[in-house]
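# Observations on the model geometry
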Amino acid sequence: EAEVAQSPRYKITEKSQAVAFWCDPISGHATLYWYRQILGQGPELLVQFQDESVVDDSQLPKDRFSAERLKGVDSTLKIQPAELGDSAMYLCASKGSGEQYFGPGTRLTVT
Amino acid sequence: RKEVEQDPGPFNVPEGATVAFNCTYSNSASQSFFWYRQDCRKEPKLLMSVYSSGNEDGRFTAQLNRASQYISLLIRDSKLSDSATYLCVVKGYNFNKFYFGSGTKLNVKP
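So, a few notes on the structure that sits alongside this text. Given the structure is predicted, the values throughout are model-derived calculations rather than measurements.

## Some thoughts on unusual backbone geometry
The amide bond that connects A:Ser7 to the next residue, A:Pro8, takes the cis arrangement and shows omega of -10°. With respect to the helices and strands, A:Pro8 occurs in the loop between strand E1 (5-7) and strand E2 (10-13). Along the chain, B:Gly9 connects to B:Pro10 via a cis peptide bond; the corresponding omega equals 10°. Here B:Pro10 shows up in the loop between strand E1 (4-6) and strand E2 (11-14). For A:Asp51, which is not glycine, the phi dihedral falls at a positive 55°. By secondary structure assignment, the location of A:Asp51 is in the loop between strand E5 (44-50) and strand E6 (53-56). Given the relative accessible area of 35%, A:Asp51 is considered partly exposed. Of note, B:Asp77 is a non-glycine position whose phi angle comes to about 50°, a positive value. Examined against the element boundaries, B:Asp77 turns out to sit in the loop between strand E8 (70-75) and strand E9 (84-91). Overall, the relative accessible area of 37% leaves B:Asp77 in the partly exposed class.

This is how it looks when you write it as structure tokens:
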């Protein structure tokens, strides 16, 4: 069964450092999402891509977060500089013609 | 107002019980509806889509009431393994955007 891949699975970083997450969606899925989930809350959309284009980044804190999907396949989410409040699970999801499927997530701890 | 609202629970039920969760959504133009299950510190996984006519998958039944803008999930004969957080998800009227509720936590006790 095809899966969404993410790496790293866990990341501990000090505040003010840069951190990057990678996502490889299910092959053929044109839509890719990055979500942030804080414990006890539902996932919150950070950015949505359709192929290589950003469709929605209205909730992305653009002063410190950036995302790209240069060839319309895999994607990178970067935070620079990281802040204590960025500690959360970062989930990538992809969607073909039906539902969206999630990767295992990257759990970020900022110290 | 949030796009999707759920009772956070927790719902604490004994094995074998029937339990129901509701979820309300704010935009009447919403197109598609889903229930996802999320285990602690894991990613959400699709449990079932919700169709206008209602649908059933084993012990799970989902219903949609467009007039009242709510979705329900019924779990019959609860198992210990059903313990998880259940996320209500609505696909918006705009391009492929999904809105998540904050989740309802279910604890099934022996």
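## What to know about the pattern of salt bridges
Residues and elements named next belong to chain A. According to the stated counting rule, one finds 10 salt bridges over all chains in the structure shown. One salt bridge in this structure joins Arg64 and Glu83, with 3.3 Å as the shortest N-O distance. With Arg64 in the loop between E6 and strand E7 (65-68) and Glu83 in the loop between strand E8 (75-79) and strand E9 (88-95), this pair connects stretches of sequence that are 19 residues apart. Of the charged contacts, one joins Asp86 and Arg64 as a salt bridge, the two residues approaching to 2.6 Å between their closest N and O atoms. Note that Asp86 is positioned in the loop between E8 and E9 and Arg64 in the loop between E6 and E7, a separation of 22 residues in sequence. We classify Asp86 as buried; its relative accessible area is 2%. Among the ionic contacts, a cluster of salt bridges with common partners joins Arg36, Glu44, Arg64, Glu83 and Asp86.

Thresholds, definitions, all that
- One numbering rule holds for all chains: residues counted from 1, following each sequence as written.
- Going through the entries in the order they are written, you letter the chains from A and number the ligands from 1.
- It should be noted that, the model being predicted, local features are given only for residues of pLDDT at least 70 and side-chain atom pairs only at 80 or more, the latter also being counted only at that level, while totals for whole chains, interfaces and linings use all residues.
- Computation of side-chain values: all heavy atoms of the structure, hydrogens and water removed.
- Numbering of helices and strands runs from the N terminus, with a helix taken as a DSSP run of H or I at least four residues long and a strand as a DSSP run of E at least two residues long.
- The buried label applies to any residue whose accessible area, calculated with a 1.4 Å probe on protein chains only, is under 20% of its type's maximum; exposed applies above 50%, and partly exposed to all values in between.
- When a carboxyl oxygen of Asp or Glu lies within 4 Å of a side-chain nitrogen of Lys or Arg, that pair is called a salt bridge.

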